[in-house]
Amino acid sequence: MDKKIALLGMGTVGSGVVNLLRENEDLIHSSSGVRFTITHILVSDTVKTRTADVSGIRVTDDITEIENADIDLAVEVMGGIDSTKDIINKFLKRGIPVVTANKDMLAVHIDELEETASENSAALYYEAAVAGGIPIIHTLQHSLNANRISKVMGILNGTTNYILSKMTFDGWDYNDALKDAQAIGYAEADPTADVEGIDAARKTLLLARLAFNKKFTLDQVNLNGITNVDIKDIKLAESAGLTLKLLGVAEDLEDKYNLSVEPIFVDTKHQLANVHYEKNAVFVNGNMIGEAMFYGPGAGGYETASAVVSDMINSAVITAKAKNIPEEKGEPATELPDSAYYLRFNGSLPEAESYLASQDIQFEILSTEDAALRTLKMSAQTLQKIQDTFAPAAVYKINGAE
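If you're wondering where the values come from, they're calculated on a predicted model, not measured in any experiment.

*Asks:* An account of the overall build of the chain is requested, with residue identities and associated values reported.
*Replies:* A tally of helices and strands in the chain yields 14 helices and 16 strands. Against the 2.2 N^0.38 benchmark of 21 Å for 402 residues, the chain shows a C-alpha radius of gyration of 23 Å, consistent with a compact globule. The C-alpha extent of the chain, read off along each of the three principal axes, is 75 × 45 × 35 Å. Within the chain, the proportion of its 402 residues that are buried is 55%. Long-range contacts, defined here as pairs at least 24 residues apart, represent 72% of the contacts in the chain between residues at least 6 apart. Accessible surface for the chain amounts to roughly 17,600 Å². Of this, 45% is attributable to carbon and sulfur atoms. The distance from the centre of the 35 positive side-chain charges to the centre of the 58 negative ones in the chain is 3 Å.

See below:
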């Protein structure tokens, strides 16, 4: 079976796709019966020197040339949101399946794109859009579809996990860890989307959509990044066996849904506490399988290209249509479950102790000098009263991944 491919974008991932297809051509053909031929590549600069061999391929900066070409599959790795959505829609309306790695676009336009795909008997694949080399999208769509998923959470951004790992292991403050991440290419010159949790929020939304079979929007994700993380809190909690991770969490609370991205302390024995530096991991709780974790590289040219080509193979060998997500939108939970918390105060520890004792909330003092403690489970309402009354310098949820 021969498939003609249009590749939209020729950056790190696009180059990885070209190189992977050339290097593993015989393996892919022998295992799947499919032989892919890239006939067109869309670029913004046709004279730029490439890191992949594009001989025999039509390289163009004219999208209309590709839109009218005889192709079997479009692969989008160029980025962009609204204009890219319009391009993908045109292919889907022709009944041409699309593979994309574009989480930014999907977080905004996935409902429209999947509706177009369904109406035209096409399919939209996006394994590479979440957690790079970890096959979590396929897992939720196919491998775990016999389960009722109650929670999906994970380390979904390699930049922030690298920064927090450097702070934890090397004792660096946030600014130094960020500069190091930028110097080695793990963080962009403008790291806002990563460090403010926006990137992880987009991925959390996509995971929640598949896990719960509901539609969600980005404004339903409660968001708190890592820019205000103080190394002092990491070190104080470390002595209590806690490790700080930026986690994307999506949980079904009796058909009401809590979606969040925030720094959370997890027990050092928890699997997620042992995912370090640029690695990603996704933790799934299903009513039949119990708990399962999926670990691997969250980004990288070849790692992401691997997920892209996997989708290409699936598009060719599986008669697949877009996942039909019902029209109803997931309703946000108004009451969150009780949780444990880490709290550090500005010299008001005795008063806070008295208040917690009056509410029958158990707690452990981590440091009297730094006025830090951790509580056992208490409600979000009680936490809000503590914040209003004592204005703690730092507040983190504990063991929110369990």
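*Asks:* An account of the environment of Ser 55 is requested, with residue identities and associated values reported.
*Replies:* Looking at the secondary structure, you find Ser 55 in the loop between strand S2 (35-42) and strand S3 (58-60). Using a relative accessible area of 47% as the deciding quantity, one classes Ser 55 as partly exposed. A sequence separation of 291 residues divides Ser 55 from Asn 346, and the C-alpha atoms of the two residues are 65 Å apart.

*Asks:* So what's going on with the sheet that holds strand S4 (residues 73-76)? Which residues, and what values?
*Replies:* Taken in spatial order, the 6 strands make up an open sheet running S3-S2-S1-S4-S5-S6, and their pairing is parallel. Either end of the sheet is taken by a strand with one partner, and the two such strands are S3 and strand S6 (124-125). In this sheet, S6 lies alongside strand S5 (residues 98-100) in parallel orientation, the contact comprising 2 bridges. By the bridge assignment, Val 98 is partnered in S6 with Leu 124. Here helix H12 (residues 301-317) sits on the sheet in contact with strand S1 (2-8), S2, S4, S5 and S6, set at roughly 160 degrees to S4.

*Asks:* Give me the lowdown on the pattern of salt bridges, citing residues and values where you can.
*Replies:* Under the defined criterion, the tally for this structure stands at 23 salt bridges. Linking Glu 67 and Lys 90 is a salt bridge whose minimum nitrogen-to-oxygen distance equals 3.6 Å. Taken together, the positions of Glu 67 in helix H3 (residues 63-67) and Lys 90 in helix H4 (residues 82-93) put the pair 23 residues apart, joining distant regions of the chain. Of the residues examined, Lys 90 reaches a relative accessible area of 46% and is grouped as partly exposed. As a salt-bridge pair, Arg 374 and Glu 364 come within 2.7 Å of each other at their nearest N and O atoms. Taken together, the positions of Arg 374 in strand S15 (residues 372-378) and Glu 364 in strand S14 (residues 363-367) put the pair 10 residues apart, joining distant regions of the chain. Using a relative accessible area of 35% as the deciding quantity, one classes Glu 364 as partly exposed. Residues joined by salt bridges that share partners form a network here, namely Lys 85, Asp 86 and Glu 112.

*Asks:* Help me get a handle on a nonpolar patch on the surface, residues and values and all.
*Replies:* A contiguous nonpolar patch, built from Ile 81, Val 108 and Leu 218 and spanning about 210 Å² of accessible area, is present on the exposed surface. With respect to the secondary-structure elements, Leu 218 resides in the loop between helix H10 (198-212) and strand S8 (221-223). Classification of Leu 218 by relative accessible area gives partly exposed; the value is 32%.

*Asks:* Give me the lowdown on the packing of aromatic side chains, citing residues and values where you can.
*Replies:* Tallied over the full model, the rule gives 11 aromatic pairs. Residues Phe 169 and Tyr 277 carry aromatic rings whose centres are separated by 5.8 Å and whose planes lie at 35 degrees to one another, so their mutual orientation is tilted. Remark: Tyr 277 occurs in the loop between strand S10 (257-267) and strand S11 (279-286) and Phe 169 occurs in helix H7 (residues 158-170); sequence separation between them is 108 residues. By relative accessible area, which is 28% here, Tyr 277 ends up partly exposed. Of the aromatic side chains, those joined through ring pairs into one cluster are Tyr 162, Phe 169, Tyr 186 and Tyr 277. One residue, Lys 166, lies across the ring of Trp 172, its end atom 4.4 Å from the ring centre.

Quick notes on the rules
- Residues numbered from 1 in each chain as written.
- Predicted model: local features only at pLDDT ≥ 70, side-chain atom pairs only at ≥ 80, totals over all residues.
- Heavy atoms only, no water.
- Helix = DSSP H or I, 4+ residues; strand = E, 2+ residues; numbered from the N terminus.
- Rg over C-alpha atoms; globule rule 2.2 N^0.38 Å.
- Buried < 20%, exposed > 50% of the residue type's maximum accessible area, 1.4 Å probe, protein only.
- Contact = heavy atoms within 4.5 Å.
- Areas by Shrake-Rupley, 256 points an atom, 1.4 Å probe, with all protein chains shown as cover.
- Lys, Arg positive; Asp, Glu negative; His and termini not counted.
- Charge placed at Lys NZ, Arg CZ, Asp CG, Glu CD.
- Pairing = 2+ DSSP bridges.
- Axes fitted to C-alpha atoms, helices over the stretch in contact; angles between N-to-C directions.
- Salt bridge = Lys/Arg side-chain N within 4 Å of Asp/Glu carboxyl O.
- Patch = residues over 30% accessible without salt bridge, like charges linked within 9 Å, V, L, I, M, F, W, Y side chains within 5 Å.
- Phe/Tyr/Trp six-rings, centres within 6.5 Å; stacked < 30°, edge-to-face > 60°.
- Lys NZ or Arg CZ within 6 Å of the ring centre and 35° of its normal.

These results come straight from atomic positions and should not be treated as a statement about function.
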